[in-house]
Amino acid sequence: SERGLDEANVAFYLSSIYDHSVYENVSKVVQKLVPQLATLENLLDILITNCRMEKAFLFDVLSKIYIATDSQPVDEQWFELSSDMLDVVVDISCIYGQDEEESIAFDSGSASIISLSNGMVLYMKEVSKYLALVCLMRADNLQRQGLIEYNVDILRHSLKDVLTVSVPTPRVSTSAPSEGAGSI
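Visitor: Just to check I follow, could you spell out the overall build of the protein for this structure?
Guide: Within the protein, the secondary structure is distributed over four helices and five strands. Along the protein, helices and strands appear, N-terminal first, in the series α-α-β-β-α-β-β-β-α. Here the protein holds 184 residues, and the buried ones make up 35% of them. In the protein, of all internal contacts separated by at least 6 residues, the share reaching a separation of at least 24 is 55%. Total accessible area on the protein is roughly 12,000 Å²; 53% of this is exposed by carbon and sulfur atoms.

Listed below in structure tokens is the structure:
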């Protein structure tokens, strides 16, 4: 109270090193640091609505945490499946798809579709050098794969616009110096 911390917004998450809860909880912390989170959630909401998906995650490939998801609540099992899928794809890419000059085997050709025994499909696609989109949908909705690919491409371009950091250029004065200024 003497340091003015009475109104500090403190959140905590229970986690374990023996399951995916560490990644899920770190994801929640990272999301609080992403200023464009509302825009990213909105883009993912539009994607799942237009493609009839159940859930979408935007993962950081290197850390395997998700920086955004749609506005529906996160089911722990869906998160675990999505995280494991990304892990498998990256591992297979490192074994079979890595060039010698590349430090990461994840590239614009990275994609995967896995059919689950419950009639659902996991769909993963690269959306930037370090970001992957992982979605869960019903298998019958995958019949419209061309529409899904088109909408993911639109999402990729939108993410590029949203996440591009613009550096302001310094203004250079084009006016001539006044007479006598700086002369000896």
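Visitor: Hey, could you run me through the confidence of the model for the protein in this one?
Guide: When pLDDT drops low, the exact placement of atoms in the prediction is not to be read closely. Mean pLDDT over the protein works out to 80, with 68% of the residues at or above the 70 mark. Least confident of the elements in the protein is helix α1 (residues 21-33), whose mean pLDDT is 67; most confident is strand β5 (residues 131-138), at 94.

Visitor: Help me understand the pattern of salt bridges, please; the structure alone is not making it clear to me.
Guide: Side-chain pairs of opposite charge can arise whenever the charged atoms involved come near each other. Under the defined criterion, the tally for this structure stands at six salt bridges. Between E54 and R138 there is a salt bridge whose closest N-O contact spans 3.5 Å. In this pair, E54 is assigned in strand β1 (residues 53-60) and R138 in strand β5, connecting sequence segments 84 residues apart. Note that R156 is salt-bridged to E126, the shortest N-O span being 3.6 Å.

Visitor: Please explain the nonpolar core as it appears in this structure.
Guide: Soluble globular proteins tend to pack their nonpolar side chains together in the buried interior. With 25 residues, the main nonpolar core has L47, M53, L58, L133 and I148 as its most contacted residues. For this core, the secondary-structure elements that each account for two or more residues are α2 (37-51), β1, β2 (66-69), β4 (120-128), β5 and α4 (145-163). Here this core gets seven residues from one element, more than from any other, and that element is α2. Setting aside anything within four residues of it in sequence, one finds L133 in contact with L44, L47, A56, F57, L58, Y123, M124, K125, V127, V152 and L155. Judged by nonpolar contacts, the second largest core, of 16 residues, contains F59, L86, V90 and L122.

Visitor: It is not clear to me how the sheet that holds β1 should be interpreted in this structure. Could you clarify?
Guide: Working definition: the strands of a sheet are paired by backbone hydrogen bonds and lie parallel or antiparallel to each other. Here five strands make up an open sheet; going across it, the order is β2-β1-β5-β4-β3 and the pairing antiparallel. With partners counted over all chains shown, the strands left at the sheet margins are β2 and β3 (111-115), one partner each. Averaged over all neighbouring strand pairs, the angle between strand axes comes to 20°, with direction disregarded. Direction of pairing for β3 relative to β4: antiparallel, over a ladder of five bridges. Counted as the bridge partner of I114 is L122 from β4.

Visitor: Hey, could you run me through helix α3 (residues 76-96) in this one?
Guide: Side chains that are three or four residues apart share a direction in an α-helix, a result of its 3.6 residues per turn. An ideal rise of 1.5 Å per residue puts 30 Å on 21 residues; α3 measures up with 30 Å between its terminal C-alpha atoms. Among the residues of α3, those classed as buried are F79, S82, S83, M85, L86, V89, V90 and S93. Angular distribution of buried residues about the axis of α3 spans 155°; they occupy a single face of the element. Along α3, the residues that are exposed and aim more than 90 degrees away from the buried face are Q77, I95 and Y96. A side-chain oxygen of the first residue of α3 lies 3.1 Å from the backbone nitrogen of Q77; this N-cap is D75.

The rules behind each value
Residues numbered from 1 in each chain as written. Predicted model: local features only at pLDDT ≥ 70, side-chain atom pairs only at ≥ 80, totals over all residues. Heavy atoms only, no water. Helix = DSSP H or I, 4+ residues; strand = E, 2+ residues; numbered from the N terminus. Buried < 20%, exposed > 50% of the residue type's maximum accessible area, 1.4 Å probe, protein only. Contact = heavy atoms within 4.5 Å. Areas by Shrake-Rupley, 256 points an atom, 1.4 Å probe, with all protein chains shown as cover. pLDDT = per-residue confidence, 0-100. Salt bridge = Lys/Arg side-chain N within 4 Å of Asp/Glu carboxyl O. Core = buried A, V, L, I, M, F, W, Y, C linked by side-chain atoms within 4.5 Å. Pairing = 2+ DSSP bridges. Axes fitted to C-alpha atoms, helices over the stretch in contact; angles between N-to-C directions. Expected span 1.5 Å × (residues − 1). Arc of directions from axis to C-beta. Polar contact = N/O pair within 3.5 Å; in protein donor to acceptor, adjacent residues only side chain to side chain.

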